[in-house]
Amino acid sequence: MDRRRGSAMRKPALEIDATRTAAAGEEEEEPVSPTGRLFLEPHFSCHIVSVSGLGGAVDLPAVRAGLEASLARHPRFCSLQVLDEQQEDPRPKWVRTTVNIDDHVIVPNLDPTATSADPDRALEDYVSSLSTLPMDQSRPLWELHVLDFPTSEAAAALVLRVHHSVGDGVSLLSLFIACTRRASDEASLPALPTTAGRRRAGPVYALSSRPRLSPSWDALAAFAAWIVSFLVLLWHTVVDVACFAATATSILGDPPTLFKGAEGVEFRPKRFMNRTLRLDDVKYVKNAVNCTINDVLLGVTSAALSRYYLRKTGESGSETIKVRSTLLVNLRKTPGLHTLATMMESGKDNGAQWGNRLGYMILPFHIANHDDPLEYVRKAAQVARRKKSSMESAFTFWSGSVVLKIFGIKAAASLCYGMMRNTTLSFSNVAGPTEQVVFYGHPIVYIAPSVYGHPHSVSMCTTGPDYALSKLRDIIKLVLAVDETQFPDAHELLDDFDQSLRIIREAASEKQKDT
């Protein structure tokens, strides 16, 4: 059955472990979350694919033993999606089953000539082929593919493929990292980047720079600033929600550019490519422009898209073209690594929340030819600052839940599909480990996640910082997933990201010299 095309789900033939179900009671069955159900719809059947480069050859028995003791014990990774068709309003639910690890660890028989002649291409071709292969619904919806041959960046690779209904990308990457340990102390869990820190300064938060007044005036000024901040937040949210509603209902749509996906693009094969970017270069630009790392990555994306578009169309770039990206925002607090490790060890959720709780944000990118390359980053920072003063993602999640409850899953899926079809790109960013880690004894060189099954021809994901084993420095992995039919020269687009960061970095260096 081709789940990529969202065929109707049937009760799996695999026998459910009645012993465990009887012992654990109702805990063994949970309903699939509303967002998870969206990912089961025909035009929205999404899968997450994550490539992990290893610093050594694969010890297959160690990987199997590690999976059996950890990932395969996680409630979602040892459960089937079952639909009780005897119910009046059947809804899928998670039902525990016994995991046969051999069904999920896949060692493909590849042509040794191809893997020796061009190993990077062989890895890319194999990962891309997964976008054409359905997953077996009679088993838990995850696979680990073992590619035990060296490439230019790693000695071997592991490819984890998971159906998006199992969980969102942030939670799944955190779960994967919870399976790793510190290279310096293999008994300890690694650390993830902290999100705590000073909020970005902006017009409504600029009280710290004002002259000191009397306590009463300080309190009045703080209250006035809070009122202004609330009104700005309210106005931005209203505007963003109206724009989102117009997009989802096809009243508002992006112009037809060479990046816009054709009808049925969600069913077409995707090519997954990644490129390593130096975090030091990104930080240098960040400091020069006084923005964030994400702002720099957004600016580099805008510059790369502009380079590719203007080269292919021959246009001058004197007129700015706006295309929009959908940005998935994880609204559920991701359980900590210790909580996830305990969850896998016990095989129970331990009260931790899991699943998909995603809101959407529409993020504009500008295709233009700027004389100053730093202008791409400045405009991206301006857009990001504006989007941070909005509750768009929370409202889109809430509104989607309301539509689902009132009108059903088909109506909610139609709105989500309309929102995707009327935008151009997908963009996401996830945090990787901040130190060198090992996965069941295997050093991790890089992690490159992506997604397919949604109606976009171009999707971008960045992850970092990763610990680069070979050069002992922080890196950022840029991952592109593109429609092979629409972008036969996809590597040119990937090269444009590399060139854009180099040009922007040089412009930042010139700016620093002038000052």
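Higher on the page you've got the structure.
Residues numbered from 1 in each chain as written. Predicted model: local features only at pLDDT ≥ 70, side-chain atom pairs only at ≥ 80, totals over all residues. Heavy atoms only, no water.

**Student:** How do you make sense of helix 12 (residues 392-407) when you look at a structure like this?
**Tutor:** Residue pairs spaced three or four apart in an α-helix point in one direction, given the helix's 3.6 residues per turn. Between its first and last C-alpha, helix 12 extends 22 Å over 16 residues, near the 22 Å set by a 1.5 Å rise per residue. Taken residue by residue, helix 12 has Glu392, Ser393, Thr396, Phe397, Ser399, Ser401, Val403 and Leu404 as its buried positions. Gly408 sits one or two residues past helix 12 and shows a positive phi near 100 degrees. (Helix = DSSP H or I, 4+ residues; strand = E, 2+ residues; numbered from the N terminus. Expected span 1.5 Å × (residues − 1). Buried < 20%, exposed > 50% of the residue type's maximum accessible area, 1.4 Å probe, protein only.)

**Student:** What is the right way to look at the sheet that holds strand 2 (residues 47-54) in this model?
**Tutor:** Spatially, 7 strands are ordered 5-6-7-2-14-13-8 in an open sheet, and the strand pairing comes out mixed. Edge positions in the sheet fall to strand 5 (105-106) and strand 8 (180-182), since each has one partner strand and no second. In this structure, strand 8 lies alongside strand 13 (residues 437-439), joined through 3 bridges in antiparallel fashion. Within the sheet, the bridge partner assigned to Arg182 lies in strand 13 and is Val437. Across the face of the sheet, helix 3 (residues 60-69) comes into contact with strand 5, strand 6 (142-147), strand 13 and strand 14 (442-452) while running at roughly 165 degrees to strand 6. Here helix 5 (residues 119-129) sits on the sheet and contacts strand 2, strand 5, strand 6, strand 7 (156-163) and strand 14; the angle it forms with strand 6, its principal contact strand, is near 165 degrees. (Pairing = 2+ DSSP bridges. Contact = heavy atoms within 4.5 Å. Axes fitted to C-alpha atoms, helices over the stretch in contact; angles between N-to-C directions.)

**Student:** Is there a simple way to think about the side chain of Thr115 in this case?
**Tutor:** Its place among the elements puts Thr115 in helix 4 (residues 112-117). A polar side-chain atom of Thr115 sits 3.0 Å from the main-chain carbonyl oxygen of Pro112. Sequence-distant contacts of Thr115, that is, excluding residues within four places in its chain, are made with Leu110, Ala122 and Phe149. (Polar contact = N/O pair within 3.5 Å; in protein donor to acceptor, adjacent residues only side chain to side chain.)

**Student:** What exactly am I supposed to notice about unusual backbone geometry here?
**Tutor:** Among all residues except glycine, the phi angle is most often negative; among peptide bonds, the trans geometry is most common. Backbone geometry places Asn290, a non-glycine residue, at a positive phi of 60 degrees. For Asn290, the position within the fold is in the loop between helix 8 (279-289) and helix 9 (293-313). For Asn290, a relative accessible area of 66% gives the class exposed. At Tyr440, a position not held by glycine, the phi torsion is positive, near 50 degrees. When you line up the elements, Tyr440 lands in the loop between strand 13 and strand 14. Here Tyr440 falls in the buried class, since its relative accessible area comes to 17%.

**Student:** Explain the nonpolar core here, please?
**Tutor:** With 50 residues, the main nonpolar core has Phe259, Val285, Leu425, Leu480 and Phe497 as its most contacted residues. Broken down by element, this core gets its largest block of residues, 10 residues, from helix 9. For Phe497, the contacting residues outside a window of four places in its chain are Val300, Thr301, Ala304, Met460, Leu478 and Leu480. Counting residues in hydrophobic clusters, the runner-up holds 35 residues, among them Val63, Trp94, Ile444 and Ile447. (Core = buried A, V, L, I, M, F, W, Y, C linked by side-chain atoms within 4.5 Å.)

**Student:** What is the right way to look at the pattern of salt bridges in this model?
**Tutor:** Once their charged atoms are close, side chains differing in charge can pair, the charge on each being opposite to the other. Counted by the stated rule, this structure contains 31 salt bridges. The closest approach of N and O atoms between Asp254 and Arg324, which form a salt bridge, is 2.6 Å. Of the two residues, Asp254 sits in the loop between helix 7 (215-248) and strand 9 (270-278) while Arg324 sits in strand 10 (residues 321-330), which places them 70 residues apart along the sequence. Like Asp254, the residue Arg324 is buried in the burial classification. The salt bridge partner of Glu506 is Arg502, with a shortest N-O separation of 3.0 Å. In this pair, Glu506 and Arg502 are both assigned in helix 14 (residues 490-514), 4 residues apart and thus about one turn of the helix distant. We classify Glu506 as partly exposed; its relative accessible area is 42%. Shared partners join several salt bridges into a network, and the residues in it are Arg307, Arg311, Lys312, Asp489, Glu492 and Asp496. (Salt bridge = Lys/Arg side-chain N within 4 Å of Asp/Glu carboxyl O.)

**Student:** So what exactly am I meant to see when it comes to a nonpolar patch on the surface here?
**Tutor:** On the surface, Phe223, Trp226, Ile227, Phe230, Leu231, Leu234, Trp235, Val238 and Val239 cluster together into a nonpolar patch covering about 910 Å² of accessible area. Locating Phe230 in the fold gives a position in helix 7. The class for Phe230 is partly exposed, based on a relative accessible area of 42%. (Patch = residues over 30% accessible without salt bridge, like charges linked within 9 Å, V, L, I, M, F, W, Y side chains within 5 Å. Areas by Shrake-Rupley, 256 points an atom, 1.4 Å probe, with all protein chains shown as cover.)

**Student:** In this structure, what is going on with the pairing of strand 6? I would like to understand it.
**Tutor:** Taking burial as the measure, the 6 residues of strand 6 include 6 buried ones, the bulk of the element. The pairing of strand 5 with strand 6 spans 2 bridges and is classified as parallel. Each bridged residue has a counterpart across the sheet, and for Ile106 the counterpart in strand 6 is His145. For strand 6 and strand 7, the ladder comprises 6 bridges, and the chain directions are antiparallel. Of the residues in strand 7, the one forming a bridge with Val146 is Leu158.

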